[in-house]
Amino acid sequence: CVCVCVCVRQEEACWMAWSLLTEHYGIPADRLYVSYFGGDAASGLLADEETRHIWLDLGYVYICLQLGLRLVLGHLTGLLLFRVPPARILPFGLKDNFWEMGDTGPCGPCTEIHYDHVGGRDAAGLVNADNPEVVEIWNLVFIQYNRSVFTPTPV
């Protein structure tokens, strides 16, 4: 699994990971699944809808980055190169998609890319299920909080 902690915009980080895996390494996109933080009511943490939308609109992100444009959704529909199917973008909770250094310190939602070794099937139920046929190969962490002893607070 590749873990990336860099200071780039979320859409750039997602696109770079997807591009490296699919375009440069040649991993078939139809074998990939994406997970994101689905929120945690008990902790008062909302779902990471920004990242979910980034994955839904990844084709737009690709075009904008290639052309040096700011992301403007809805204006480049004719140029869409690819899209992560909504059924392959899966929400998970604190255990799987919220990164923490420890009881205190930097923390935040993460999004992961998972690879299905078998392919040709719907393996969504195997993502984050400790099944060796579907494994996490990339983790992008978006540090947004600094956890004190009591609760996470915005950075």
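This is a predicted model, so every value here is computed, not measured.

**Some words on the environment of Asp 116**
1) Next: Mapped onto the fold, Asp 116 is located in strand E5 (residues 105-116).
2) Next: Along the sequence, Asp 116 and Leu 32 sit 84 residues apart, while their C-alpha atoms lie 6.3 Å from each other.
3) Next: Among residues more than four places away in sequence, those in contact with Asp 116 are Arg 31, Tyr 33, Arg 121, Ala 123, Glu 133 and Val 134.
4) Next: Within polar-contact distance, the side chain of Asp 116 engages the backbone nitrogen of Val 118 at 3.0 Å.
5) Next: Of note is the side chain of Asp 116, whose polar atom sits 3.2 Å from the backbone nitrogen of Gly 119.

**Concerning the pattern of salt bridges**
1) Next: Taken as a whole and assessed by the stated rule, the structure comprises six salt bridges.
2) Next: As a salt-bridge pair, Glu 11 and Arg 9 come within 2.8 Å of each other at their nearest N and O atoms.
3) Next: Residue classification places Glu 11 among the buried residues on the basis of a relative accessible area of 13%.
4) Next: A salt bridge links Arg 121 to Glu 133; its shortest N-O distance comes to 3.0 Å. Taken together, the positions of Arg 121 in the loop between E5 and strand E6 (134-141) and Glu 133 in the loop between E5 and E6 put the pair twelve residues apart, joining distant regions of the chain.
5) Next: Each member of the salt-bridge network shares a partner with another, and the members are Asp 116, Arg 121 and Glu 133.

Analysis parameters
Residues numbered from 1 in each chain as written. Predicted model: local features only at pLDDT ≥ 70, side-chain atom pairs only at ≥ 80, totals over all residues. Heavy atoms only, no water. Helix = DSSP H or I, 4+ residues; strand = E, 2+ residues; numbered from the N terminus. Contact = heavy atoms within 4.5 Å. Polar contact = N/O pair within 3.5 Å; in protein donor to acceptor, adjacent residues only side chain to side chain. Salt bridge = Lys/Arg side-chain N within 4 Å of Asp/Glu carboxyl O. Buried < 20%, exposed > 50% of the residue type's maximum accessible area, 1.4 Å probe, protein only.

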